[in-house]
Amino acid sequence: MQENSVGIVSPRVERFDEPLTFACGRRLPSYELIFETYGELNGDASNAILICHALSGHHHAAGYHSDNERKPGWWDACIGPGKPIDTRRFFVVSLNNLGGCHGSTGPTTENPESGQVFGPDFPQPQVDDWVDAQARLADRLGIHCWAAVVGGSLGGMQAMAWSLRYPDRLRHCVVIAAAMKLSAQNIAFNEIARRAIMSDPGFANGHYLRDGTQPTQGLALARMVGHITYLSDDAMASRFGRELQPSHPDDESSDAPQFQIESYLRYQGEQFSSVFDANTYVLMTRALDHFDLAAAYGGDAITAFSRSRCDYLVLSFSTDWRFSPARSREIVDALLAAERPVSYAEIEADEGHDAFLLPIPRYLAVLEAYMKRVDA
Amino acid sequence: MRQDLTHILRWIKSGASVLDLGCGNGEFLALIQKERHARVMGIEIDPDAITSAMGRGLNIIEQNLDHGLANFPSQSFDMVVMAHALQAVQYPDQVLEEMLRVGRECVVTFPNFGQWRSRVHLATRGRMPVSKFMPYNWYDTPNIHFCTVRDFETLCRQRGIRILGRDMIGGDEGGTSLARRWPNLFATTAIYHISR
């Protein structure tokens, strides 16, 4: 374990018995949220940071669950003592969103009204619904106002939604590699992922848990196509190029992977499909597709941001084509037009959209510099 | 702190909103914020400078001035400042026009190429001057649009830009008093307070 790790962490679960009505009109009578915290909440609860996760993320953002856990939490590069989100100064809260499959109420949990798992019947959440659930968690933890709400990708959308939905409940909003809404191309990729899952016979219209099947192949395919969009052309070229598998079969009609990139994608797909729930994947991509920051404000992002009361940091990565720097600049331009305090940096990085999870020196330096201000 | 920056401070009113084009590490913006309780923002392109400036708690936008200021609303700042960057941009006249659109007032500082040392250097050696103030060769300099005090004032006249005030720096104290009397010959740095 590294010296600057938050160390061994244990998730907590909070149960909420007040019903939550989603934007779609459907209602969760009660629910549970699983989350982790790192660092100590100060006396006036002014040092709390909320971390919002992306499409396939969860509550385990930093540290290790046990001594023999192979990899730390998904954002360990940025959270820990002496790291940009410094747990010696901040109290960090990271949760699994509703509809997730890592311990918060979602498609794999039992519907108390039917006694069966929710499966495909879990109500479709939108980003705003997640934010509402997060606000209730904040209440439960005694946090009236976050020092900052921070997120990358779909997490960045939640951070922006916070600044509009609860303008007085955050001082800073950190939006990394995100967009105000998806492009047709983004939605297209998500649709391929959903079709891959739904056309797998094991999907059984979403009732695979009830039927004892699994859409393993479909979910793996969905992850493979997603993974391509998270990497840049250059990153793939430098990591895999056209290298062949050491043991590639001579027979080109064989199903076995020939190139290393094939093997890598298959491995990623298999790994993912063994730990992730297909209904959750469908539901998360739907929430992503439907997010439109300005929709409730006549389609005008400037009007939307005029509601906000916080300071913003917007970050993008040069080779990210899933949420390109141009999408981040749209956010910045809308904030400038709304005359809101905003900082922006475009980080030179080869790794594509995935860069937001990686320890890229300039990225860490900029985030650390901004977080100093959050602490001030 | 560069001398031209302390001169600019005089023209910034308390509580003003200030945009600094090419704000570097934000030292000057931080001073304005502290001394004038101003709402400040900076534009910069150098990665390390951006990090330093953000570390001072300033709002900094990474943006190339050569791509314009179209994303800034008209008249959205009381003061737009550009110190020692005019000579380094692709289209100085367009940047000036944009500054005057975004800011109600502007301050521009630039090195005066008409200063006697440059003239003597060019006249006697027949080569582009390389000095302490301009330490680059002609082929690798970021300063691609040098001008003189007279050039600048001619441009202002042609474009209908009002000169609200000006000041000159001449290196040392004696140099500065000469520069104020004969700017185009003695000013190393020219400072202009302008508006539409």
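The coordinates are above.
Residues numbered from 1 in each chain as written. Chains lettered and ligands numbered in written order. Predicted model: local features only at pLDDT ≥ 70, side-chain atom pairs only at ≥ 80, totals over all residues. Heavy atoms only, no water.

A. Main features of the interface of chain A and chain B. Contact residues are listed per partner, giving 18 residues for chain A and 17 residues for chain B. Between chain A and chain B, a total of about 1500 Å² is buried, with carbon and sulfur atoms accounting for 56% of that surface. Inspection of the region where chain A meets chain B yields two salt bridges. Here A:E339 ties to B:R39 by a salt bridge, and the two come within 3.9 Å at their closest N and O atoms. Here chain A and chain B share nine residue pairs in polar contact (both at pLDDT 80 or more) between them. Residue assignment for the side of chain A that touches chain B shows that the elements contributing at least two residues are helix 10 (325-337), strand 12 (342-347) and helix 11 (361-375) of chain A. By residue class, the composition of the side of chain A that touches chain B is eleven nonpolar, one polar and six charged. (Contact = heavy atoms within 4.5 Å. Buried area = accessible area lost by both parts, 1.4 Å probe. Salt bridge = Lys/Arg side-chain N within 4 Å of Asp/Glu carboxyl O. Polar contact = N/O pair within 3.5 Å; in protein donor to acceptor, adjacent residues only side chain to side chain. Helix = DSSP H or I, 4+ residues; strand = E, 2+ residues; numbered from the N terminus. Nonpolar A, V, L, I, M, F, W, Y, C, P; charged D, E, K, R; others polar.)

B. Fine view of the pattern of salt bridges. Residues and elements named next belong to chain A. One pass over the full model with this rule turns up 30 salt bridges over all chains. For D76, the salt bridge goes to K83, with nearest N and O atoms at 3.0 Å. The two residues D76 and K83 agree in class, both being buried. Bridged by salt links that share partners, the residues R12, E14, E18 and R140 form one connected network. (Buried < 20%, exposed > 50% of the residue type's maximum accessible area, 1.4 Å probe, protein only.)

C. Expanded view of the packing of aromatic side chains. All names here are of chain B. In total, this model carries 21 aromatic pairs over all chains according to the counting rule given. Relative to F146, the ring of F113 has its centre 4.9 Å away and its plane inclined at 20°; by these criteria the two rings are stacked. Within this pair, whereas F113 is found in the loop between strand 5 (103-111) and helix 5 (116-125), its partner F146 is found in the loop between helix 5 and helix 6 (149-159), the two being separated by 33 residues in sequence. The class of F113 is buried, set by a relative accessible area of 16%. (Phe/Tyr/Trp six-rings, centres within 6.5 Å; stacked < 30°, edge-to-face > 60°.)

D. Broad picture of helix 3 (residues 47-55) of chain B. Residues of helix 3 of chain B that are buried include every one of B:A49, B:I50, B:T51, B:A53 and B:M54, and no others. Structurally, helix 3 of chain B contributes buried residues whose contacts are with strand 11 (311-317), strand 12 and helix 11 of chain A together with strand 2 (39-44) and strand 3 (59-62) of chain B. Downstream of helix 3 of chain B by a residue or two, B:G57 has a phi angle that is positive, lying close to 85°.

E. Structural detail: unusual backbone geometry. Backbone geometry at A:S153 places phi at a positive 60°, although glycine is not the residue there. Mapping A:S153 onto the fold places it in the loop between strand 9 (148-152) and helix 2 (154-165). The residue B:Q75 is not glycine, and still its phi comes out positive at about 55°. Assignment of secondary structure puts B:Q75 in the loop between strand 3 and strand 4 (77-83).

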